[in-house]
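# Structural overview for review
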Amino acid sequence: MAVVFNSNGPQVSVEVGEYEQFPKNGQADTTEKTLPKSRHIYVVLVGFGLLCVLQAVLNITLRLSHSTTEESCPQGWLQFSGSCYYISSQRRSWDNSRQDCLQRDADLVIIDSRQEQAFLTGFTKATWIGMSDRDHEGIWIWVNGTPVKKNRLGWAPGQPDGAFGGEDCGDLRTMMNFIGLNDSNCSVRSQWICEKIL
Ligand SMILES: [Ca+2]
Ligand SMILES: [Ca+2]
């Protein structure tokens, strides 16, 4: 009897001990859980606030960069792929055309690609562009000193032909059966295209 009672005694006391500890732990857990929850909400709110600030900064910088690229070309100039183009309505010699471009903080157009050539084709029947072979006959140089890559651009049929005892200045033609680059007499009066790189 006494042994059983004794052996049950510790069991009971252990059970009681466990029951007593459970609610304590449970209470402790709930109080510990509510604190991190409020901290969690605080962190989320601060994070959200920071995201809003970031978004606002991004919007402002995007609008600024967008507006600067939009306003970069002077009025009356065309924009294409990072350059501004002025197409004259007057007609002048190649040298006087270039002078006009230089006065506009630009130079006669340098055509770097077939895409650029395609964009500039069709505005006029003939327009001066910034290439010549004055220094060495047959060696075409752009106004910035770089060589003209003849095969990368589209020449008008049979051009350059150095007709009429030498044609040292380049123009761009858009005429019936005569579309593309051509060499022409530098003193001929033509329209011209200035290019300003953004
Ligand atoms: Ca160009
Ligand atoms: Ca020619």
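Model, not experiment: these values are computed from the prediction.

Conventions and cut-offs
Residues numbered from 1 in each chain as written. Chains lettered and ligands numbered in written order. Predicted model: local features only at pLDDT ≥ 70, side-chain atom pairs only at ≥ 80, totals over all residues. Heavy atoms only, no water. Helix = DSSP H or I, 4+ residues; strand = E, 2+ residues; numbered from the N terminus. Buried < 20%, exposed > 50% of the residue type's maximum accessible area, 1.4 Å probe, protein only. Contact = heavy atoms within 4.5 Å. Areas by Shrake-Rupley, 256 points an atom, 1.4 Å probe, with all protein chains shown as cover. Donors = N, O, S within 2.8 Å, 3.2 Å for Na, K, Ca; no water. Tetrahedral: all angles 85-135°; square planar, octahedral: opposite > 155°, others 65-115°. Disulfide = S-S within 2.5 Å.

### Here we look at the overall build of the protein
Per the secondary structure count, the protein includes 3 helices and 8 strands. Traced from its N-terminal end to its C-terminal end, the protein shows the element sequence α-β-β-α-β-α-β-β-β-β-β. When each of the 198 residues of the protein is scored for burial, the buried share is 30%. Across the protein, contacts joining residues at least 24 apart in sequence account for 68% of those joining residues at least 6 apart. Of the roughly 13,500 Å² that the protein leaves accessible, carbon and sulfur atoms contribute 58%.

### A closer look at the coordination of the calcium ion (ligand 1)
Only I110 (O), D112 (OD), E116 (OE), E116 (OE), E195 (OE) and E195 (OE) from the protein coordinate the calcium ion (ligand 1), and they sit 2.1 to 2.8 Å from it. Viewed at the metal, the 6 donor atoms of the calcium ion (ligand 1) are separated by angles of 50 to 143°, and the geometry they form is irregular. Within one chain, the residues serving as donors to the calcium ion (ligand 1) are arranged as I-x1-D-x3-E-x78-E. Using a relative accessible area of 13% as the deciding quantity, one classes I110 as buried.

### Digging into the coordination of the calcium ion (ligand 2)
The coordination sphere of the calcium ion (ligand 2), as far as protein atoms go, consists of Q159 (OE1), D161 (OD), E167 (OE), N182 (OD1), D183 (O) and D183 (OD), spread over 2.2 to 2.5 Å. Coordination at the calcium ion (ligand 2) comes from 6 donor atoms whose angles at the metal span 66 to 150°, giving a geometry best classed as irregular. Each donor residue of the calcium ion (ligand 2) lies on the same chain, and together they follow the pattern Q-x1-D-x5-E-x14-N-D. Residue Q159 is found in the loop between β5 (141–142) and β6 (169–175), and its partner D183 is found in strand β7 (residues 178–184); the two are separated by 24 residues along the sequence. Q159 gets classed as buried once you look at its relative accessible area, which sits at 15%.

### A closer look at the state of the cysteines
Under the definition given, this model contains 3 disulfides. The disulfide bridge from C73 ends at C84, spanning 2.0 Å between sulfur atoms. With the S-S dihedral at roughly -95°, the linkage between C73 and C84 falls on the left-handed side. Remark: C84 occurs in strand β2 (residues 83–87) and C73 occurs in the loop between α1 (2–70) and β1 (78–80); sequence separation between them is 11 residues. Just as C73 is buried, C84 falls in that class too. The cystine pairing of the protein, numbering bonded cysteines in sequence order, is 1-2, 3-6, 4-5.

### Here we look at unusual backbone geometry
The omega torsion across Q159 and P160 is 0°, close enough to zero to call that bond cis. Its location among the elements puts P160 in the loop between β5 and β6. Even without being glycine, S81 reaches a positive phi, approximately 45°. Accessibility expressed as a relative area gives 65% for S81, which makes it exposed.

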